[in-house]
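Below, each chain spelled out in residue letters.
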Amino acid sequence: MKINESWLRSWVNPPLDSEALAHQLTMAGLEVDSNDPIAPPFNGVVVGEVLTVVQHPDADRLRVTTVNVGNANNGEPLQIVCGAPNVAVGLKVPVAMIGAVLPKDFKIKPSKLRGVDSQGMLCGATEIGLDDGVDGLMLLPADAPIGSDIREYLRLDDRILELGITPNRGDCLSIRGLARELAVMNSLAVNEPAIAIAPVSSDRTLAVHIADAVQQNGCPRYAGRVITGINPQAKTPKWMSDALERSGTRIHSLLVDITNYVLLELGQPLHAFDLAKLQGEITVRVSQAGEKLTLLNDQEVTLDDDTLLIADDSGAIAMAGVMGGLSTSVTDDTTDIFLESAFFEPLALAGRARRYGLHTDASHRFERGVDFMLPISALERATMLILQLADGQAGPVTVVEQLAALPKRAPIHFTLAQVRRLLGFDVTADFVLNTLLSLGVQMRGNENGWYAIPPTHRFDMSIAPDLSEEVARIYGYDNIPIKSPLQPMTFIPTEDRLSIQQLRQSLVTLGYQEAVSFSFVDEKLERALNPDVNPLRLANPMSSELSVMRTTLLSSLIPCVQYNLNRQQNRVRFFETGLRFIPNEKQEISELKQIPTLALIATGGRVPEQWAEAKPQMDFYDFKADVAQLLLSARIAVNFDKSTRPWLHPGQSAEIMRQGISIGYLGRLHPSLESALDLGVTWVAELDSLTLTEPQQSKFTELSRFPSVRRDIAVLISASIEVSKIQSTIASVAGDSLTQSWLFDEYTGQGVEVGKRSLAFALLWQHPERTLEDTEIKDGMQRVVEALSHTYAATLRAS
């Protein structure tokens, strides 16, 4: 929004220069994007009157003029050669004197043009940094004082402020709104022009009807009046045209300019209908689908069935709160009008203008909220300007309203302690009270419990923190003292906690790529993975393929793999971190479990295609190694048990157990599921992210300086017994001197009974403080043999 600084200062004039004024507005949350002068620097240009014009003796396009510049040249006229096509006797124009410096450092010197002396230059608007759209000299009003400095006469030292008003501060989209803010920040009174009730000299009225549904939810207040006998020859006065143009608004006709002026001054959009073009009474209603309306910009729009309209008996004549219709627009010949001023609910207009490719000053304000107490006073203000500038007779004001449907100003309860806690410093109760009162907030109570009722123009005040924000703005964000936080903190060494980002990096190092997908998935895929699942359904899904909340991240990753396989990517490695959602039986949102999860999926070769070896496919142990490496990065010790999850291959899957509790699983997708989803051999895993990122206490163990001893043992044991259980038994009975054990051989076949297998384990013995004796190692080995025999009926294999 652009605003003329001198217009703003006519309402409130703080003792600040232009730059300080702009900074103060910015620090109050009303950001000034630019602060530019009306014209660039120049000097030596005065008002002159053309006395004579004669043809140049040696140039067809040049004229020799004499120009009166008054006291600027001691009363002596100047001879100036001019090439402007519109130069004529009696015109008053800007005259650059000898020694003047124009924009871009252009200096005026005595010169001869085709042999004729020229003592200056007659200027067009562009030559002094302006643009009036005229090809030739800039024409000044007939009453412009001869010899006066053009900068002073045209007020070219004035400035234009361009502000980026945030959507919550629609009340500041006017001179009045900005003046209110500056007055509070500088403890000044607002010099607001008195708005008198226009004298009623006509009994003409126009009936207004508002549809019941619209009155409740779209237009609870509509005011209008008939004004007749307007002088169509009346012109927009210079003070008004300057204010409008310097606020970024083009000049039209007087009636349109007055409505624009009141819009910028008070913030209330108005619209004038040509009374002679209206048919019947005014109706405010909702459009019908397919209804057409030609707008003021000559654009014909086909309306949907939810657009608020102003209509008469002939049909739609304006898009309410957005733009008027061409059929009832005022022209230079209009003498009678119906002047409209209404309050439209922001939600009733939100998005409507953009839907039709429009954005107007009116829609910009109504969508953000206009003071619902403003329509009648703005109507009176515009009426008085019309009567003063174009004569006319005003009829009585017609008001149709539903008071119960107007926005409610509910009291907001808050305390001084709340304000201090939110702002972080001890602001005084008097400052809080006086600040809010000066902003128009009605206050009752005391610092232990205030009740505040926001003013009707502030749609952004609804909760206690909003009021604290107002206190901070007026106090000045840059005046708030800097204090260190006093929040008590528990120190957790960062090296003991693995972040989710470190987990991501570990997987990237292993050759996986991160996928980021929706939490919404296809219900069919969810049920294919687990027929017993009952995922939470969305009330308004984006599509049928994204209709439920995922209970497993595989529902998001499998489509990613399918997409890549369909595009000749034969080796795919993905991981994703995110939430999975487990509802209760009643699908209650309040009982929804949100579980942070990390999932992996892989298909294709174990390594990328290369010349040195064939293309080995990834197997269970390759994938398990990737998961094990991830767990090692998280410093988590686990066991692997057989998994019975229905979507996994029963013989190539494992449950990941930590201290007897499952923290995830890994394995191959069930072959029937791979076939149904048109996948090859696909490996998947899901782990609990919270467990992976739990703080782990670092423990230092000094390396032993004494020799280690290795002993091997081979046992015949049932093939159904898991190796991890055997190793757990060995560790539990061997004693502290056993530092490590591992399986190094498996054998089945000749010499081994069916249903059994031969397993060979290496056991590494070492003491931290001395060399072990043979008897200690033999005793430990004996305990291991006896435990395996007793627990699993294992026997030593003969060599």
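Residues numbered from 1 in each chain as written. Predicted model: local features only at pLDDT ≥ 70, side-chain atom pairs only at ≥ 80, totals over all residues. Heavy atoms only, no water.

Caption draft 1: Spotlight on the overall build of the protein. When helices and strands are tallied, the protein shows 22 helices and 39 strands. Computed over its C-alpha atoms, the radius of gyration of the protein comes to 42 Å, more than 25% above the 28 Å expected for a compact globule of 799 residues. In terms of overall dimensions, the protein has a C-alpha envelope of 130 × 70 × 60 Å along the principal axes. For the protein, with 799 residues in total, the buried portion stands at 47%. The contacts of the protein with a sequence gap of at least 6 include a subset with a gap of at least 24, amounting to 69%. With an accessible surface of roughly 40,200 Å², the protein has 51% of that area assigned to carbon and sulfur atoms. Computed over 71 positive and 97 negative side-chain charges, the inter-centroid distance for the protein is 5 Å. (Helix = DSSP H or I, 4+ residues; strand = E, 2+ residues; numbered from the N terminus. Rg over C-alpha atoms; globule rule 2.2 N^0.38 Å. Buried < 20%, exposed > 50% of the residue type's maximum accessible area, 1.4 Å probe, protein only. Contact = heavy atoms within 4.5 Å. Areas by Shrake-Rupley, 256 points an atom, 1.4 Å probe, with all protein chains shown as cover. Lys, Arg positive; Asp, Glu negative; His and termini not counted. Charge placed at Lys NZ, Arg CZ, Asp CG, Glu CD.)

Caption draft 2: How the structure looks around the packing of helix H7 (residues 254-266) against helix H11 (residues 375-390). Taken N-terminus to C-terminus, the directions of H7 and H11 make an angle of 140 degrees; their axes are 10 Å apart at the nearest point. By the angle between their axes, H7 is oblique relative to H11. Crossing handedness for the pair H7 and H11: right-handed. Note on element contacts: H11 touches H7 through Ala378, Arg381, Ala382, Leu385, Ile386, Leu389 and Ala390, opposite Leu254, Leu255, Ile258, Tyr261, Val262, Glu265 and Leu266. (Axes fitted to C-alpha atoms, helices over the stretch in contact; angles between N-to-C directions. Parallel < 35°, antiparallel > 145°, perpendicular 65-115°, else oblique. Left-handed = near helix turned anticlockwise from the far one by under 90°.)

Caption draft 3: Structural context of the sheet that holds strand E12 (residues 208-210). Taking strand neighbours across the sheet as the criterion, the 5 strands line up as E12-E15-E18-E19-E20 in an open arrangement whose pairing is mixed. Edge positions in the open sheet fall to E12 and strand E20 (323-324), since each of these has one partner strand only. Relative to strand E19 (residues 315-319), strand E18 (residues 308-312) runs antiparallel, the two sharing 4 bridges. Looking at E19, one finds that Ala311 is bridged to Ala316. (Pairing = 2+ DSSP bridges.)

Caption draft 4: Structural detail: H7. Between its terminal C-alpha atoms H7 stretches 18 Å, which fits the 18 Å expected from 13 residues at 1.5 Å a residue. Extensive coverage of H7 is indicated by the burial of 12 of its 13 residues. (Expected span 1.5 Å × (residues − 1).)

Caption draft 5: Molecular detail of the environment of Val627. With respect to the element layout, Val627 can be found in helix H18 (residues 620-633). Put simply, Val627 and Leu600 are 27 residues apart on the chain and 8.7 Å apart in space, counted from C-alpha to C-alpha. When residues no more than four places from it in sequence are discounted, the contact partners of Val627 are Ile656, Leu666, Ala685 and Leu687.

Caption draft 6: Representation of the nonpolar core. With 99 residues, the main nonpolar core has Tyr222, Ile310, Phe338 and Phe414 as its most contacted residues. Leave out the neighbours within four places in its chain, and Ile310 touches Tyr222, Phe273, Ile282, Thr283, Val284, Ala316, Ile317, Ala318, Ala320, Glu340 and Phe344. Membership of the second largest hydrophobic core comes to 25 residues, among which are Leu507, Ile656, Ile663 and Leu692. (Core = buried A, V, L, I, M, F, W, Y, C linked by side-chain atoms within 4.5 Å.)

Caption draft 7: Highlighting the sheet that holds strand E33 (residues 648-658). As summarised here, the arrangement of the 7 strands in space is E27-E30-E31-E35-E34-E33-E32, forming an open sheet in which the pairing is mixed. Taken across any chain shown, the strands that pair with only one partner, and hence form the sheet edges, are strand E27 (513-514) and strand E32 (639-642). Of the strand pairs in this sheet, strand E30 (residues 572-582) and strand E31 (residues 593-603) are connected by 11 bridges, and their pairing is antiparallel. When the sheet's bridge partners are listed, Thr577 is paired in E31 with Leu598. The strands that helix H15 (residues 500-509) touches are E27, E30 and E31; relative to E30, the one it contacts most, it runs at about 150 degrees.

Caption draft 8: Fine view of the packing of helix H6 (residues 238-245) against H7. Contact geometry for H6 and H7: axes closest at 10 Å, N-to-C directions at 55 degrees. Accordingly, the angle class assigned to the pair H6 and H7 is oblique. Both H6 and H7 take part in a crossing whose hand is left-handed. Contacts between H6 and H7 pair Trp239, Met240, Ala243 and Leu244 from the former with Asp257, Ile258, Asn260, Tyr261 and Leu264 from the latter.

Caption draft 9: Representation of the pairing of strand E14 (residues 270-274) in the model. The element E14 is extensively covered by neighbouring structure, given that 5 of its 5 residues are classed as buried. The two faces of E14 match: Leu270, Ala272 and Asp274 on one face and His271 and Phe273 on the other face are all buried. Sheet topology places E14 next to strand E21 (residues 337-343); 5 bridges connect them, and they run antiparallel. From the neighbouring strand, Ala272 faces E21, where its bridge partner is Leu339.

Caption draft 10: Summary view of a negative patch on the surface. A contiguous patch of negative charge, built from Glu31, Asp33, Asp36 and Glu162, is present on the exposed surface. Inspection of the secondary structure assignment puts Glu31 in strand E2 (residues 31-37). (Patch = residues over 30% accessible without salt bridge, like charges linked within 9 Å, V, L, I, M, F, W, Y side chains within 5 Å. Salt bridge = Lys/Arg side-chain N within 4 Å of Asp/Glu carboxyl O.)

Caption draft 11: Fine view of the side chain of Thr603. Tracing the chain through its elements places Thr603 in strand E31. In this structure Thr603 comes out as buried when scored by relative accessible area, which is 5%. Reaching out from Thr603, the side chain makes a polar contact with the backbone oxygen of Val681 at a distance of 2.8 Å. Residues within four places of Thr603 in sequence aside, it is in contact with Val561, Leu565, Asn570, Arg571, Val572, Arg573, Gly680, Val681 and Thr682. (Polar contact = N/O pair within 3.5 Å; in protein donor to acceptor, adjacent residues only side chain to side chain.)

Caption draft 12: Here's a closer look at the environment of Pro167. Note on placement: Pro167 falls in the loop between strand E11 (159-164) and helix H4 (175-185). The class for Pro167 is exposed, based on a relative accessible area of 57%. Each C-alpha atom of the pair Pro167 and Ser718 lies 74 Å from the other, and the pair is 551 residues apart in sequence.

Caption draft 13: Seen up close, the packing of aromatic side chains. Here the structure, examined in full by the defined rule, presents 13 aromatic pairs. Between Phe343 and Phe372, the ring centres sit 5.9 Å apart and the planes meet at 65 degrees, which makes this aromatic pair edge-to-face. Taken together, the positions of Phe343 in strand E21 and Phe372 in the loop between helix H10 (361-366) and H11 put the pair 29 residues apart, joining distant regions of the chain. A relative accessible area of 5% places Phe372 in the buried class. (Phe/Tyr/Trp six-rings, centres within 6.5 Å; stacked < 30°, edge-to-face > 60°.)

Caption draft 14: Molecular detail of unusual backbone geometry. Despite not being glycine, Arg155 has its phi angle at roughly 55 degrees, a positive value. Following the sequence through the fold, Arg155 ends up in the loop between helix H3 (150-153) and E11.

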